[in-house]
Amino acid sequence: MVKRSDGPERGTESPILEEEPSSGDKPKLVKYGELVILGYNGSLPQGDRGRRRSKFVLYKRQTPNGVKRSKHYVVKTPHSSQAVLDARQHSISYTLSRNQAVIVEYTEDEDTDMFQIGRSSESPIDFVVMDTIPGDKNGENKVLQSTISRFACRIIAERSSPKIARIYAAGFDSSRNIFLGEKANWQENREIDGVTTNGVLIMHPRGVFCGGNAKCGPWRETSVGGGIFSLRESRSAQQKGQLVEDETNVLQDGTLIDLCGATLLWRSADGLAKSPSKRDLEHEIDEINAGRPQCPVGLNTLVIPRKVTPNENQQQPYVYLNCGHVQGHHDWGQDKDSGARRCPMCLELGPVVKVCMGLEPAFYVDSGPPTFAFNPCGHMSTEKTVKYWAHVAIPHGTNGFHAVCPFCASPLSGSPGYVRLIFQDNVD
């Protein structure tokens, strides 16, 4: 078990666990859920380290560190006000004009735990999230200018009702402050609220995520105060969307959170308990490999690897993305002009890619054999999982959306964006 402690301050200990605590650990930790970054197949390319990892497990803290809104007032110079200068006081400063701002003070809340997500590596951030680069992560290039906020969002979980966790835009900095410019704020019925520059978007699935029958719901924006709004005309437009009164910021199993540069999946503790484990997924690989699938050209046995390596391997399976036939590495049927290959089984011409197992359990909507693969990356998964993600629109750019493979974030190609795998196995 790996834990982090940033010092003696109240509530700064943030348990980040690499694996489930053993039954001998006491007391048993209460799990709120997990945040998993889309585009990583079980870990970051260079490995998970500390707060920089592909997933973050939220556990009930030993000491509550939540905050709740207490009072607000108008000031002329927010940066010199007592609440902002007091490093022990959580506050949000909403700038209304050059010489007027509203400061909302927050007080300690013994009934909640707070977790903060963002690009900053400063101690208030529990889960450090960087921009996701689609596709192969070997020798990953760095994004020169990130669009993810340093203090992007915060999640408040109820200690007495662990199934209830709410998401809010913006996080408190090292001085426990949030500053919002005048273009991002509004005041209605004496209540003040605001949004961040690029916004925090959320999508609650329609239906139950675990089971494979859910559908992609509409994308919304959550405000600093936790309100739910329709999307702005473009990502950083100054005009906010319309208030959506019948939707809430309470996370549900399968909720997606987009931080403009990375998309996170929320899995509830209950949902994860019904999902396959990594061991279950590895067992599915063993079952396929036990069938000794063969390459019809080289007549050699194929072995699905746990992890794809850049080196060529005679046993590495490849899938023809237009037909789904799985074969080994060979030079038969190569089209010199396009680089495509003609399948020796059905003579269909098209692209070929290595087959690799999707090993992040949180992305699965059901259990079962991995009989399908995403196009164009070749990540294997169950039929329902592949079909679910092929119909989920992920925010892209200023106002675009596209479907991606959850295991590598590659935009899906063609229609439907996946292929059924056809192995030549059990031939002995």
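This section reports on the structure supplied with the text. For clarity, every value in this text was computed on a predicted model and none was experimentally measured. (Residues numbered from 1 in each chain as written. Predicted model: local features only at pLDDT ≥ 70, side-chain atom pairs only at ≥ 80, totals over all residues. Heavy atoms only, no water.)

As a further point, take the overall build of the protein. Scanning the protein from N- to C-terminus turns up four helices and 30 strands. Taking 2.2 N^0.38 as the reference for a compact globule, 428 residues should give roughly 22 Å; the C-alpha atoms of the protein span a radius of gyration of 24 Å, in line with that estimate. Reported as C-alpha extents along the three principal axes, the dimensions of the protein are approximately 80 × 50 × 40 Å. Relative to its 428 residues, the protein shows a buried fraction of 53%. Considering only contacts in the protein between residues 6 or more positions apart, those separated by 24 or more positions represent 63%. Surface exposure of the protein reaches about 20,300 Å², of which carbon and sulfur atoms provide 47%. (Helix = DSSP H or I, 4+ residues; strand = E, 2+ residues; numbered from the N terminus. Rg over C-alpha atoms; globule rule 2.2 N^0.38 Å. Buried < 20%, exposed > 50% of the residue type's maximum accessible area, 1.4 Å probe, protein only. Contact = heavy atoms within 4.5 Å. Areas by Shrake-Rupley, 256 points an atom, 1.4 Å probe, with all protein chains shown as cover.)

Ordered in space as E9-E8-E10-E11, the four strands form an open sheet in which the pairing is mixed. The strands lining the two open edges of the sheet, one partner per strand, are strand E9 (127-128) and strand E11 (165-169). As paired strands, strand E8 (residues 112-118) and strand E10 (residues 153-158) are joined by six bridges and run antiparallel to one another. Its bridge partner being in E10, Met 114 is matched across the sheet by Ile 156. (Pairing = 2+ DSSP bridges.)

If you walk through the whole model with that rule in mind, you get 16 salt bridges. Residues Glu 221 and Arg 232 are paired through a salt bridge, measuring 2.6 Å at the closest nitrogen-oxygen approach. Of the two residues, Glu 221 sits in strand E16 (residues 219-222) while Arg 232 sits in the loop between strand E17 (228-229) and strand E18 (256-258), which places them eleven residues apart along the sequence. The class of Glu 221 is buried, set by a relative accessible area of 3%. Here Asp 258 makes a salt bridge to Arg 235, at a shortest N to O gap of 2.7 Å. (Salt bridge = Lys/Arg side-chain N within 4 Å of Asp/Glu carboxyl O.)

This part covers a nonpolar patch on the surface. Where nonpolar side chains cluster on the molecular surface, the patch consists of Val 297, Trp 332 and Leu 347 and spans about 270 Å² of accessible area. Its relative accessible area of 49% is what places Leu 347 among the partly exposed residues. (Patch = residues over 30% accessible without salt bridge, like charges linked within 9 Å, V, L, I, M, F, W, Y side chains within 5 Å.)

It is worth spelling out the environment of Ala 340 at this point. Within the secondary structure, Ala 340 sits in the loop between strand E21 (326-327) and strand E22 (341-342). Taking C-alpha positions, Ala 340 is 5.0 Å from Gly 350, a pair spaced ten residues apart along the chain. Apart from the residues lying within four places of it in its own chain, the contact partners of Ala 340 are Gly 333, Gln 334, Asp 335, Leu 349, Gly 350 and Pro 351.

Another point: unusual backbone geometry. A cis amide bond links Asn 375 with the next residue in sequence, Pro 376, at an omega value of 25°. For Pro 376, the location among the structural elements is in the loop between strand E26 (372-374) and strand E27 (379-381). With an omega of 20°, the peptide bond between Ser 415 and Pro 416 qualifies as cis. By the element assignment, Pro 416 lies in the loop between strand E29 (400-402) and strand E30 (418-420). Positive phi is not limited to glycine here, since Cys 260 has a value of about 65°. Inspection of the secondary structure assignment puts Cys 260 in the loop between E18 and strand E19 (263-268). Using a relative accessible area of 11% as the deciding quantity, one classes Cys 260 as buried. The phi torsion at Leu 299 lies on the positive side, around 60°, for a residue other than glycine. Looking at the element boundaries, Leu 299 is found in the loop between helix H3 (278-290) and strand E20 (318-320).

The next point concerns the environment of Arg 154. Residue position: Arg 154 is located in strand E10. Its relative accessible area of 3% is what places Arg 154 among the buried residues. Along the backbone, Arg 154 and Gln 116 are 38 residues apart, and their C-alpha atoms lie at a distance of 4.3 Å. Only 2.9 Å separates the side chain of Arg 154 from the backbone oxygen of Ala 170, close enough to count as a polar contact. (Polar contact = N/O pair within 3.5 Å; in protein donor to acceptor, adjacent residues only side chain to side chain.)

A word on helix H4 (residues 383-390). Taken together, the buried positions of H4 are Thr 385, Val 386, Tyr 388, Trp 389 and Ala 390. The elements touched by buried residues of H4 are strand E15 (200-203), E18, E19, E26, E27 and E30.

What follows is about the sheet that holds strand E24 (residues 352-354). Sheet strands line up and pair through hydrogen bonds in the backbone, either parallel or antiparallel. In space, the three strands of this open sheet follow the order E21-E20-E24, with antiparallel pairing throughout. Of all strands in the sheet, those with a lone pairing partner are E21 and E24, marking the two edges. Note: E20 against E21, two bridges, orientation antiparallel. Following the sheet pairing, Val 319 is matched in E21 by Val 326.

The next point concerns the environment of Leu 265. Assignment of secondary structure puts Leu 265 in strand E19. A residue is classified by how much of its surface remains accessible, and Leu 265, at 0% relative accessible area, is buried. Considered as a pair, Leu 265 and Met 380 are 115 residues apart in the sequence and their alpha carbons are 19 Å apart. Discounting residues that sit within four places of it in the chain, Leu 265 has contacts with Glu 34, Leu 35, Val 36, Leu 38, Phe 209, Gly 254, Thr 255, Leu 256, Ala 362, Phe 363 and Trp 389.

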